[in-house]
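So the chains spell out like this:
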Amino acid sequence: MFTIGVEHMKAKAWDDAVAAFRSYLEGKPNSIPALKNLGQCYQALKKTDQAIAHYEKALSIDEKRHDIASSLGLLYDETGQWSKAAPIAEDAIANWARDDEKLGGMYYLMGRVLEKRDNNYERAITMFEQAVNDPYWGRFAREEITRQRQLIEIRDLKAKQGG
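Not measured: the values here are computed from a predicted model.

Caption draft 1: Spotlight on the packing of helix α5 (residues 66-78) against helix α6 (residues 82-95). At a closest axis distance of 8 Å, the pairing of α5 and α6 adopts a crossing angle of 150 degrees. One element, α5, and the other, α6, form an angle in the roughly antiparallel class. In this structure, α5 meets α6 at a crossing whose hand is left-handed. Seen from α5, the contacting residues are Ala69, Leu72, Gly73, Tyr76 and Asp77; seen from α6, they are Trp82, Lys84, Ala85 and Ile88. Grouping the amino acids of the contact of α5 with α6 by side-chain chemistry returns six nonpolar, one polar and two charged.

As structure tokens, then:
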């Protein structure tokens, strides 16, 4: 069933892939690859709560799976759960290898946490600056740096105006 689920994923037949992975998990409930793939299917179907639940279960079994941690952290960001996203990004920044392909996304994620949770635009910029050379996240990081600078200007203007 696992291979069938993967084939359905390749064809973007997400509902069929979900059915295949759920069936597979009946016999192997702690299969990290199946849990991860099921999370990806639910994410593709915009069933965010179910995606999060499957990523969380997979990560609880093997907390060293950076690919799963990255997906989970970014879903936390997408759903405004910055206090849950923060420990994932903090762990990545502190402990992951500097050449880990997911690290740029974690710097980006930490920048989002610092802005959204803490209103700390200056620290957010330092995180986004660490992601600017990432092949995927770099473009987003550069946009965020510009936006953070604008937020700083707005904040400072409001402070000068007394409110």
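What follows continues from the structure just given.
Caption draft 2: Looking closely at the packing of helix α1 (residues 2-10) against helix α2 (residues 14-27). Two numbers describe how α1 lies on α2: the axes approach to 8 Å, and their chain directions differ by 165 degrees. One way to sum up the angle between α1 and α2 is to call them roughly antiparallel. The two elements α1 and α2 meet at a crossing, and its hand is left-handed. Seen from α1, the contacting residues are Phe2, Ile4, Gly5, Val6, His8 and Met9; seen from α2, they are Trp14, Asp16, Ala17, Ala20, Phe21 and Tyr24. Among the residues making up the contact of α1 with α2, the classes are represented as nine nonpolar, two polar and one charged.

Caption draft 3: Up close: the nonpolar core. Phe21, Leu72, Met106 and Met110 are the most contacted members of the largest nonpolar core, which totals 47 residues. Within the residue set of this core, elements represented by two or more residues are α2, α3 (32-44), α4 (48-61), α5, α6, α7 (103-116), α8 (121-131) and α9 (137-160). Here the element with the most residues in this core is α7; it accounts for eight residues. Setting aside residues no more than four positions away along its own chain, Leu72 makes contact with Ile52, Tyr55, Glu56, Leu59 and Ile88.

Analysis parameters
Along each chain, residue indices are assigned from 1 in the same order as the chain's sequence is written. Thresholds applied to this predicted model are a pLDDT of at least 70 for local features of residues and 80 or more for the giving and counting of side-chain atom pairs; totals over whole chains, interfaces and linings are not thresholded and use all residues. Side-chain numbers come from the whole structure's heavy atoms, not from hydrogens or water. To define axes, lines are fitted to C-alpha atoms, for helices over the stretch in contact only, and angles between the resulting N-to-C directions are given on a 0 to 180 degree scale. Think of it this way: any DSSP run of H or I at least four residues long counts as a helix, any run of E at least two long counts as a strand, and we number them from the N terminus. Should an angle lie under 35 degrees it is considered roughly parallel, over 145 roughly antiparallel, and from 65 to 115 roughly perpendicular; all remaining angles are considered oblique. Crossing handedness is defined as follows: a turn of the near helix away from the far one that is anticlockwise and smaller than a right angle gives a left-handed crossing, while the clockwise case is right-handed. Two residues form a contact once any of their heavy atoms are found within 4.5 Å. By the convention adopted, Pro, Cys, Tyr, Trp, Phe, Met, Ile, Leu, Val and Ala count as nonpolar, Lys, Arg, Asp and Glu as charged, and the other residues, Gly among them, as polar. Here, nonpolar core means buried Ala, Val, Leu, Ile, Met, Phe, Trp, Tyr and Cys residues that are tied together by side-chain atoms lying within 4.5 Å of each other. To sort residues, take the accessible area from a 1.4 Å probe on protein chains only and compare it with the maximum for the residue type: under 20% means buried, over 50% means exposed, and anything in between is partly exposed.

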